[in-house]
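# Residue-level structural notes
Here is what each chain is made of, one letter per residue.
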Amino acid sequence: EMKLSAVSKKLWCVHKQLLLLLAPLVFLPLLFTLPEKEGKCLYVILLMATFWCTEALPLAVTAMLPVCLFPTLGILPAKKVCPQYFIETNFLFLSGLIMASSIEEWGLHQRIALKVLSIVGVKPAWLILGMMLTSSFLSMWLSNTATTAMMLPIASAILESLFGDLETLKQKCQSLDDPESALINGTLCAVTEFLKTNETNVHVKIKSEAQYQMKVWKGFLICIPYAASIGGTATLTGTAPNLILIGQLKSYFPDCDLINFGSWFAFAFPLMLLFLFLGWLWISFLYGGLNSRLCFKKHDSRAQAEAKAKALIIEDYKKLGPINFAEGAISFFFVLFAVLLFTRDPKFVTGWSVFFKKGYVSDAVTGVIIVSILFFFPSQKPSLRWWFDPQAANTPYVPLLSWKKAQDSVPWNIIMLLGGGFAMAKACEESGLASWIGGHLQPLAEVPPAAAVMLITAFLACFTEFASNTATIIIFLPVIAELAMRVSVNPLYFMIPATVGCSYAFMLPVSTPPNSIAFASGHLMVKDMVKTGFVMNILGILSVSLAMNTWGVAMFNLHSYPEWAHPVNKTATALVPFSSVPPLNATL
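Note that the structure is a prediction, hence the values are computed from the model and not measured.

## Digging into a nonpolar patch on the surface
Together, Val7, Leu11, Val14, Leu18, Leu21, Leu22, Leu25, Val26, Leu28 and Phe32 make up an exposed nonpolar region whose accessible area comes to about 950 Å². Of all the elements in the fold, those that place two or more residues in the nonpolar patch are helix H1 (2-13) and helix H2 (15-26). Among the secondary structure elements, Leu11 is positioned in helix H1.

Spelled out as C-alpha cells, the structure:
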C-alpha cells in the first residue's frame, strides 16, 4: 500500500507531462478511421481540447498549436492560419482593454464603486445589490478578473465596519463543545447544542447574531465574482466568448451583419439586468439579507453598525477628493467610446457608419480611434499662462496613458487564445470537419428548437465549470453552427445562448478567475459555491431561454431561416427542408 501511494504521488507530479505524451497516442486511431482531412482536423482539435481542459500546457501555448500542426498535417497552409491570430475582432478586444487600463490608471473605477454604494445604502441586502450592480457595470468594460480584484477589498472594508474583525466574528460563532462546527459546517447545529446546555439567552443571541453576520459576509464575497461574470456578457468586449462568437460568425457567415456592439448590447443588457435581479434575490435569500429590515428602520446595534459603514463609504469617497482633470477626461472618452460603438450601426435605427463607404468602418476601427487619443491627450489641464510665465515649473508633458502601462495591463495570452480559436474555426470549416460532424448530429433535428436552446445552454454552462470559458466556446461553437444549419434553424438561435451560457461558471472555485480570487480570500468553502452556483446556473439557463424566445426572436428575426446562413462550404451540405422541422414560433 505504501509503495502504491508513493507511485501515485510520483505519477501525479508528472501527470501533465504524461498527458502531453499519451494524448497524441490515444487520439492516433482518428487519423486512420475517419476521412483523411476531417480526421486530421479532429485529431488536432481533440488534442487542443484535452490540453486546454487539463492545462497540460499553458492556455496560450496550446492556442499556438494550429501554427505548428495545421500546416504540417496538410490541413491549412501557414499563410491562412497565421492571419487568424490578429483579425479585426482582436483589435476591438485590444481597444477595450486599453480603455480599461486608463480607467484603472486614474482610479475612476473606485470612484464609481464608492458612489454606487453610498447611494444604495448599507442594509445587507441593499449592499449586496449595490455590490452586484457595481461589479456588473465595471465588468462590462474592465475584465471580470480586474473587477473582482478591485471590489473585494472594498467589500472587506465595509464588512469590517459593519461587523468588526473577522477573526472575532469567527470566535463568536464557535460553540463551547465543538468550536469548528458552527463556522465550518455553516449549519445551526452548534446553536441547538448551545441551547441544550441551557446557557443564558444572551449567549445564544450573541452567537446567532454572529452566525447571521458570518452568512452575510459569505454572501458579500460570493456575489462579486458572480456579478462580474454576469456583467461581462452585456457588451461584446466584456468577455472573450462574445468576441469568439462575432469572429466565428464572420468566418462562417460572411454576409451576416446582425451582430455588432450596439445590437449585442440591446439584446444582452436586459438579459444581464434580469439575471442580476434573480441572482440578487437568491443570494440575499440564502445569506440572510432578505428580511423586514429592508423596508423598515429599526434602532438597534445593527442600525449603529450600518451607520458606521455608511460613514466609512462616504469618508472613502471624500478621500478621493474632487474629480480632477484626468478623471474628467477619461470619463468623457469612456462615454464617447461607448456611445460611438452603440450608434455605429445599431440595426433598429440608422447609425453614423452611413457617412462612410459601406462595410469599411467596423467596431474595431471605432475602438482604436478613441484609444489612440488617450496616448497624447494631456492629463493636466492645459494653461496658456504657463507659456508666458518664466517662473512656472517646466514639468514634462504627461498623457492620459503611457504605452508601458497599456502594454503591462493587456493580457496577451487571451489575445493568443482568441487567435487560436479563430484558426481552429477556420480549419473546421475548410477541412469539411464541421459539415462531417453536422451530418452525425442529424437525429437532433427531432428536438424542438426551444428545448434545444435550453439543452445547449445547460451543457455549456456545465462544461465551462471545468474548462476555460474561451476554450469551451472555441471547441463547441463550430459544431453548434453546423447543427443549426442541419436542422434549418437560424444559427444565431443556437449560437447566442451557447456564447452566453459559457460565461455562467458559478459552481467551482476553478471555474473562472473571479471565483478563484473570491475563494482565495479564505472565507468561502467549495460547498458554499456549489450550493449557490447550482441554483445560479438554473436561473441563468431560464433567463437565457426567456430572452431568446421573446426579444431575441424579434431583434434578430430568429423565426425564419436567413439568406446569409446558406453555407460557404457547400460540400456535403444537404440541408433539411424547412418544412420538416417544427417552425420556431410554434415551439415558443
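From this point on, the discussion continues.
## Let's talk about the layout of surface pockets
Using a probe with the size of a water molecule, rolled over the atoms, empty space left in the structure can be pinpointed. In this structure, the largest pocket occupies an estimated 870 Å³ of space. For the largest pocket, the lining is made up of 40 residues, of which Thr145, Ile414, Thr470, Thr512 and Pro513 are closest to its centre. Those elements giving two or more residues to the lining of the largest pocket turn out to be helix H4 (36-54), helix H5 (59-63), helix H8 (88-105), helix H11 (144-163), helix H16 (240-252), helix H23 (412-431), helix H26 (469-486) and helix H28 (513-520). When residues in the lining of the largest pocket are grouped by element, the largest group, six residues, is from H8. Reported here for the second largest pocket is a volume of approximately 690 Å³. What lines the second largest pocket is a set of 30 residues, and nearest its centre among them are Asp257, Arg344, Asp345, Gly359 and Val361. Elements with a minimum of two residues in the lining of the second largest pocket: H8, H16 and helix H20 (363-374). Its residues assigned to classes, the lining of the second largest pocket shows 13 nonpolar, seven polar and 10 charged.

## As for the nonpolar core
By size, the foremost hydrophobic cluster in this structure holds 167 residues, and its most contacted members are Met131, Phe253, Phe494 and Ile496. In terms of residue count, helix H17 (residues 261-286) provides more of this core than any other element does, 13 residues in total. Residues contacting Ile496, with those up to four places away along its chain left out, are Leu245, Ile259, Trp264, Phe267, Met548 and Phe556.

## Regarding the packing of helix H9 (residues 108-120) against H11
At their nearest, the axes of H9 and H11 sit 11 Å apart, and the two run at 40° to each other. For the element pair H9 / H11, the angle class is oblique. In this structure, H9 crosses over H11, and the sense of that crossing is right-handed. Within the contact between the two elements, H9 uses His109, Gln110, Ala113, Leu114 and Leu117 and H11 uses Met150, Met151, Ile154 and Ile158. Across the contact of H9 with H11, the residue classes tally to seven nonpolar, two polar and no charged.

## Considering the pattern of salt bridges
Under the counting rule described, the total for this entry stands at 11 salt bridges. Residue Lys80 pairs with Glu430 through a salt bridge whose shortest N-O separation is 3.1 Å. With Lys80 in helix H7 (residues 78-81) and Glu430 in helix H23, this pair connects stretches of sequence that are 350 residues apart. With its nearest N and O atoms 3.0 Å apart, the salt bridge here joins Glu327 to Arg111. Of this pair, Glu327 sits in helix H19 (residues 325-343) while Arg111 sits in helix H9, placing them 216 residues apart in sequence. Note on Glu327: relative accessible area 5%, which makes it buried. Relative accessible area serves as the criterion here: at 6%, Arg111 is assigned to the buried category.

## Details of H9
Given a rise of 1.5 Å per residue, 13 residues ought to cover 18 Å, and the 19 Å separating the end C-alpha atoms of H9 matches this to within 8%. Turning to H9, its buried residues number three or more, namely Leu108, His109, Arg111, Ala113, Leu114, Leu117 and Ser118. Downstream of H9 by a residue or two, Gly121 has a phi angle that is positive, lying close to 95°.

## Considerations on the confidence of the model for the chain
This prediction gives the chain a mean pLDDT of 80; 86% of its residues lie at or above 70. Note that pLDDT drops below 50 for residues 175-199; the model gives that stretch 34 contacts with residues more than four away or on any other chain. Taken as a whole, residues 568-588 scores under 50 in pLDDT and shows 44 contacts with residues more than four places along the chain or in a different chain.

## Things to note about unusual backbone geometry
In this structure, Ser488 is a non-glycine residue whose phi angle is positive, near 55°. By secondary structure assignment, the location of Ser488 is in the loop between H26 and helix H27 (491-501). Given the relative accessible area of 4%, Ser488 is considered buried.

## Here's the deal with the environment of Gln213
Turning to its location among the elements, Gln213 is positioned in helix H15 (residues 201-232). Separated by 51 residues in the primary sequence, Gln213 and Leu162 have C-alpha atoms spaced 8.9 Å apart.

Rules and cut-offs
- Residues numbered from 1 in each chain as written.
- Predicted model: local features only at pLDDT ≥ 70, side-chain atom pairs only at ≥ 80, totals over all residues.
- Heavy atoms only, no water.
- Patch = residues over 30% accessible without salt bridge, like charges linked within 9 Å, V, L, I, M, F, W, Y side chains within 5 Å.
- Areas by Shrake-Rupley, 256 points an atom, 1.4 Å probe, with all protein chains shown as cover.
- Salt bridge = Lys/Arg side-chain N within 4 Å of Asp/Glu carboxyl O.
- Helix = DSSP H or I, 4+ residues; strand = E, 2+ residues; numbered from the N terminus.
- 1 Å grid on protein atoms, 1.4 Å probe; cavity = no way out; pocket = protein on both sides within 12 Å on 5 of 7 lines; lining within 4 Å.
- Points joined across faces, edges and corners; volume = space filled by probe spheres on them.
- Nonpolar A, V, L, I, M, F, W, Y, C, P; charged D, E, K, R; others polar.
- Core = buried A, V, L, I, M, F, W, Y, C linked by side-chain atoms within 4.5 Å.
- Buried < 20%, exposed > 50% of the residue type's maximum accessible area, 1.4 Å probe, protein only.
- Contact = heavy atoms within 4.5 Å.
- Axes fitted to C-alpha atoms, helices over the stretch in contact; angles between N-to-C directions.
- Parallel < 35°, antiparallel > 145°, perpendicular 65-115°, else oblique.
- Left-handed = near helix turned anticlockwise from the far one by under 90°.
- Expected span 1.5 Å × (residues − 1).
- pLDDT = per-residue confidence, 0-100.

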